[in-house]
Amino acid sequence: MRYVFKKCGTMLLTLIVVSLCLFIAFWLISGDPATHILGTGATPERLQALREELGLNAPLFVRYFRWLKGFLTGDLGTSYVYSLPVRDLLASKIPVTFFLAVFSFVLVCLIGIPLGLYTGRHAGGRADKIIMVCNQVIMSIPPFFSGILISWVFGMILHLFAPGGYVPFSKSAPAFFSYMIFPAIAIALPRAAMTAKLLRGSILEEAGKDYTRTAYSRGNTVNGVLFHHVFKNAFLPVLTFLGMSLANMLAGSLVVERVFNIPGMSNTLLTSIGNRDYPVVLAAVMWIAFVIIVINLAVDLLYRVLDPRTAQE
Amino acid sequence: MEKTSFRQRFKTYVSHLPHPGYFRAGLVITAIVLFVIIVGIFYMPYGPTELSPDRLQDPSLLHLMGTDKMGRDVFSRVMYGSRVTLLVAMGTMIIGAGCGILIGALTGFYGGALDEVVMRIMDALFAFPNVLLALVLVSLFGSGTFRVMWALGIAFIPSFARVVRSEYIRCKHMDYVKNARLQGVGNLRVIFVHILPNVKGVLLSNLLIGFNNAVLAEAGLSFLGIGSQPPYASLGQMIAEGQEVFFRVPSCVLGPGIVIVLMVLGFSLMGEGIRTASGTLEE
């Protein structure tokens, strides 16, 4: 329990450090928001009035706390370019991006772990060799390229879905899922290959240890040793990797959304970067950072549950 | 000692690797990609930004990979774009590995409060995907080839710093370091002359992986329209542009895409060849 509190404390600290860094970085670089909004031709009086209105005259730390409070209560500020609350701009998009990332994560687990187990179990066999070479190739294909290939094969040749024909969840859930599965596969493929490879290597490493030999000598079958003894230990490094993958898939979905024309955060974020619309960029990045930090906490806690040895250190 | 030619020594080196087959295949693929890039420096069939009235041509002897929607020769653009991608990836590695080694070596060797603070920051940064970190940096400093290289370089620092740091912590209490100390060698010399060469094995495999990630990240960023700006070619950006016309001229996307895959595959196969093999489950 103390460990949980300690970890949560570290997480909060990381969150504060990250948000402060982001805030200061954007504040340093972004220049004067009032000039951004009104343009360079504005009169000094109007600039002054707008600064007062936006609360820009307060010291940096006061503004930081105001912004943090806003972030926590869901008020993300106002976009410079669209003069709309950032919340309205992002609210409908954040869930789409996160859904895509989580969906691909599920696929990575569903494909990667069984494949890793199989290749680890039959290491050195013909199937293992073929899968290993395929893994190596799949790992080298960037998701946006495989995304285009997938929409070509499944969309244009097999006619399983209409490329570019995104259906929102609110309209039709089955259509939404059957569309999202293709971008999710594109994001998941390289990660699933890496997971399989990592799990295979990890299983083989554990297989060389003494406890495996003991397990065999007690009359266990190969499958028995694999599932009851080796897998538990071999899975630990994979767990860390999967945690990192989930964060990586968030970035991956930003790229793949473009290929499949999915209205996630990608377009808003990139347009805002292009327009130097800092409140939007800051809010979007902070959201992603928040989720990544929470995922890391979850992985740490899960690791502790699965591997009690770490508790003794 | 018998004097052997470089070629001979290289052959023996390769045949003693854990997976010589993987390494050879990687070497061949990398050589092909490098050949295309190097030829591109001296000769390209057409200018990479040269427009022509022959739009959206399928591959032919005149245009090996066809032409894009503005009539530019895709093959020439691939030659140019892969050069850009390679240079950005190499620059990223130099910045990332250089700073990462420096930070990792100093924090790992000296430890203490500075180590705690720096590594906390590195850990926080490490949690973020490279592409995302680079996106934040690009949004702060603006886009463009060189800025993307810097942004990616900075984004790659934590991964190197962490690895190098843990190696230094492992090495700093070893006998050869104590021995050097007794001979009166200074701290900085111990760090860079005595310990650094012993870390190179770990560094090499990290460099190979890092290089691949850098190529993929650069391609991803330029696919998103950040990075080298039109009309100059970059592989990711060519794919983004080609996507609209993919169903008419697939080679617009397949050309640059396959070059990215080959570039990454070559290095990852070489890395795979160097890595030590483990046993099997049934023994």
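Residues numbered from 1 in each chain as written. Chains lettered and ligands numbered in written order. Predicted model: local features only at pLDDT ≥ 70, side-chain atom pairs only at ≥ 80, totals over all residues. Heavy atoms only, no water.

Here's the deal with helix α7 (residues 126–139) of chain A
Part 1 of the argument: For α7 of chain A, spanning 14 residues, the distance from its first C-alpha to its last is 20 Å, which sits close to the expected 20 Å at 1.5 Å a residue.
Part 2 of the argument: Among the residues of α7 of chain A, those classed as buried are D128, I131, M132, N135, Q136 and M139 of chain A. Buried residues along α7 of chain A cover an arc of 140 degrees about the axis, so they all sit on one side. Along α7 of chain A, exposed side chains directed more than 90 degrees from the buried face belong to R126 and K129 of chain A.
Part 3 of the argument: In this structure, the buried side of α7 of chain A is in contact with α6 (94–121) and α9 (173–207) of chain A together with α2 (20–42), α9 (200–223) and α11 (251–274) of chain B. (Helix = DSSP H or I, 4+ residues; strand = E, 2+ residues; numbered from the N terminus. Expected span 1.5 Å × (residues − 1). Buried < 20%, exposed > 50% of the residue type's maximum accessible area, 1.4 Å probe, protein only. Arc of directions from axis to C-beta. Contact = heavy atoms within 4.5 Å.)

Observations concerning the side chain of T195 of chain A
Residue and element names in this part refer to chain A.
Part 1 of the argument: Tracing the backbone through its elements, the reader meets T195 in helix α9.
Part 2 of the argument: At 2.7 Å, the side chain of T195 and the backbone oxygen of R191 are in polar contact.
Part 3 of the argument: Those residues in contact with T195 that sit more than four places away from it in its chain are V108, G112, I113, V238, F241 and L242. (Polar contact = N/O pair within 3.5 Å; in protein donor to acceptor, adjacent residues only side chain to side chain.)

Quick notes on the interface of chain A and chain B
Part 1 of the argument: Listed as interface residues are 51 residues of chain A and, on the opposing side, 41 residues of chain B.
Part 2 of the argument: Here chain A meets chain B over a buried area of about 4,000 Å², counting both sides, of which 78% is carbon and sulfur.
Part 3 of the argument: For the interface between chain A and chain B, the tally reads one salt bridge.
Part 4 of the argument: Where chain A touches chain B, the interface holds two residue pairs in polar contact (both at pLDDT 80 or more).
Part 5 of the argument: Of all elements in the fold, only α1 (2–30), α6, α7, α8 (143–157), α9, α11 (222–260), α12 (265–275) and α13 (278–306) of chain A reach the threshold of two or more residues within the side of chain A that touches chain B.
Part 6 of the argument: At ten residues, the largest contribution of residues to the side of chain A that touches chain B is made by α11 of chain A.
Part 7 of the argument: Split by residue class, the side of chain A that touches chain B holds 39 nonpolar, eight polar and four charged. (Buried area = accessible area lost by both parts, 1.4 Å probe. Salt bridge = Lys/Arg side-chain N within 4 Å of Asp/Glu carboxyl O. Nonpolar A, V, L, I, M, F, W, Y, C, P; charged D, E, K, R; others polar.)

Description of the confidence of the model for chain A
Part 1 of the argument: When pLDDT is averaged along chain A, the result is 83, and 94% of the positions lie at 70 or above.
Part 2 of the argument: Model confidence for chain A, summarised as mean pLDDT per element, is weakest for helix α2 (residues 33–38) of chain A at 68 and strongest for α6 of chain A at 91. (pLDDT = per-residue confidence, 0-100.)

Some words on the pattern of salt bridges
Residue and element names in this part refer to chain B.
Part 1 of the argument: Evaluated as defined, the whole model comprises nine salt bridges over all chains.
Part 2 of the argument: For R77, the salt bridge is made with E241, and the minimal N-O distance between the two is 3.9 Å. Of this pair, R77 sits in helix α3 (residues 74–110) while E241 is found in helix α10 (residues 235–243), placing the two residues 164 residues apart along the sequence.
Part 3 of the argument: Here R77 falls in the buried class, since its relative accessible area comes to 1%.
Part 4 of the argument: Note that D115 is salt-bridged to R165, the shortest N-O span being 2.7 Å. In this pair, D115 is assigned in helix α4 (residues 112–126) and R165 in helix α6 (residues 145–171), connecting sequence segments 50 residues apart.
Part 5 of the argument: Linked through salt bridges whose partners overlap, the residues forming this network are R72, R77 and E241.

Brief notes about the nonpolar core
Part 1 of the argument: Judged by nonpolar contacts, the single largest core of 161 residues is most densely connected at F144 and F260 of chain A.
Part 2 of the argument: When residues of this core are assigned to their parent elements, the largest contribution, 18 residues, is made by α11 of chain A.
Part 3 of the argument: Here this core spans two domains, since at least three of its residues come from each of domain 1 (2–91) and domain 2 (94–263) of chain A.
Part 4 of the argument: Here F144 of chain A is in contact with V255, V256 and V259 of chain A together with A219, G220, F223, I239 and I260 of chain B, once residues within four sequence places are set aside.
Part 5 of the argument: One finds M132 of chain A together with I29, L265 and L269 of chain B within the second-largest nonpolar core, a separate group that totals five residues. (Core = buried A, V, L, I, M, F, W, Y, C linked by side-chain atoms within 4.5 Å. Domains from an automatic or database assignment.)

What about the domain arrangement of chain A?
Part 1 of the argument: Examined at the domain level, chain A breaks down into domain 1 (2–91) and domain 2 (94–263).
Part 2 of the argument: Placing a centre on the C-alpha atoms of domain 1 of chain A and another on those of domain 2 of chain A gives a separation of 38 Å.

Here we look at the packing of aromatic side chains
Residue and element names in this part refer to chain A.
Part 1 of the argument: Scanning the entire structure with this criterion turns up 27 aromatic pairs over all chains.
Part 2 of the argument: Taking the centre distance of 5.5 Å and the plane angle of 40 degrees together, the rings of F231 and F235 count as tilted. Of this pair, F231 and F235 both sit in helix α11, separated by four residues, roughly a single helical turn.
Part 3 of the argument: Take F235: its relative accessible area is 15%, and that puts it in the buried class. (Phe/Tyr/Trp six-rings, centres within 6.5 Å; stacked < 30°, edge-to-face > 60°.)

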